[in-house]
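# Report on the structure
Each chain is listed here by its residues.
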Amino acid sequence: MSVDSLHDITFWYDPISPYAYLAFERLPEALMGLSVRVRYKPVLFAALLKANGQLGPAEIPSKRDWTYRQVGWLAHRHGVPLDLPAAHPFNPLALLRLGLCTATDDAPGETNRYVTEQLFHHVWHGGGDAVAPDRLAALQTLLQDHMAQREKPWHAPGSELVKQRLRSNTDEALALGLFGVPALETRGRVFWGQDALPMLRALLEGDPWFDSGAWDAAAALPVGVRRGG
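In this report, the structure presented in the accompanying data block is examined. (Residues numbered from 1 in each chain as written. Predicted model: local features only at pLDDT ≥ 70, side-chain atom pairs only at ≥ 80, totals over all residues. Heavy atoms only, no water.)

Another point: the packing of helix α1 (residues 18-30) against helix α3 (residues 61-78). Running from amino to carboxyl end, α1 crosses α3 at an angle of 10°, the nearest separation of the two axes being 10 Å. With respect to their mutual orientation, α1 and α3 come out roughly parallel. Contacts between α1 and α3 involve Pro-18, Tyr-19, Leu-22 and Arg-26 from the first element and Thr-67, Gln-70, Val-71, Leu-74, Ala-75 and His-78 from the second. (Axes fitted to C-alpha atoms, helices over the stretch in contact; angles between N-to-C directions. Helix = DSSP H or I, 4+ residues; strand = E, 2+ residues; numbered from the N terminus. Parallel < 35°, antiparallel > 145°, perpendicular 65-115°, else oblique. Contact = heavy atoms within 4.5 Å.)

This is the structure we're talking about:
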């Protein structure tokens, strides 16, 4: 496969995740020089956790502390601006729905890069309360203006259409086996976490490891013991 061919990538995210934010900011540099088309699809992270019987990193006290330390370091290391919000975790449902208010009929589950960036910056820039009503109202005005400039329709955040878009994205993510965000999918393979960006690039550049059988072998490894079993 030519490295100059167009690569389709789906970027699954929830703006509540600092790792998804870091991956979003690092993606252009990580894929520099490649011909790519990225589709950004918001999904309710909590629904993925629930379906897989998991707790989020912010729901385990010691892991929560480490998460904030690590993302602060990673942001510093990669030169990405990051301010922790006033409180975390929070309920991201309003943000996810605002993003999907901007989806168009030809891509009903997607947000463009500008909209995705606004959602992430709303949470991870400035240290504000991500769900403060006045801040959500300001974000809605910004996104409505964006759609007006594009001459595209705006659908109310509480409309059944917008709610269904989020449900459909979540169902699709679960069908793909997604268990967390960020998740980047291409050619039927899913890469999880911002630290998987070099691995993703290696696939797109034709690294022979991906045709060696190692990818599939990982899923075939027998389970030695199960807790409670």
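Another aspect to go through is helix α7 (residues 160-175). Between the first and last C-alpha of α7 there are 22 Å, a value that for 16 residues agrees with the 22 Å anticipated at 1.5 Å per step. For α7, the set of buried residues is Val-162, Arg-165, Leu-166, Asn-169, Thr-170 and Ala-173. Burial along α7 is one-sided: seen end-on, the buried residues are contained in an arc of 130°. Facing away from the buried side of α7 by over 90 degrees, the exposed positions are Asp-171 and Ala-175. The positive-phi residue at the C-terminal boundary of α7 is Gly-177, with phi of around 85°. (Expected span 1.5 Å × (residues − 1). Buried < 20%, exposed > 50% of the residue type's maximum accessible area, 1.4 Å probe, protein only. Arc of directions from axis to C-beta.)

It is worth spelling out the nonpolar core at this point. Counting residues in hydrophobic clusters, the biggest one holds 50 residues, and the most contacted among them are Phe-11 and Phe-120. Per-element accounting of this core gives the leading share, eight residues, to α1. Filtering out sequence-adjacent residues up to four positions away, Phe-120 remains in contact with Phe-11, Tyr-13, Asp-14, Pro-15, Ser-17, Ala-20, Tyr-21, Phe-24 and His-125. Counting six residues, the second largest nonpolar core, distinct from the first, contains Leu-96, Cys-101, Ala-103 and Val-162. (Core = buried A, V, L, I, M, F, W, Y, C linked by side-chain atoms within 4.5 Å.)

This next bit is on the pairing of strand β1 (residues 7-13). With six of its seven residues buried, β1 lies for the most part within the structure. Sheet topology note: the β1/strand β2 (residues 36-42) ladder contains seven bridges and is parallel. For His-7, the partnering residue across the bridge sits in β2 and is Val-36. In this view, the connection linking β1 to its parallel neighbour β2 by way of α1 has right-handed handedness. As judged from the three bridges shared by β1 and strand β3 (residues 183-186), these two strands associate in the antiparallel manner. Bridged to Trp-12 within β3 is Ala-183. (Pairing = 2+ DSSP bridges. Right-handed = clockwise from strand over helix to strand, strands pointing away.)

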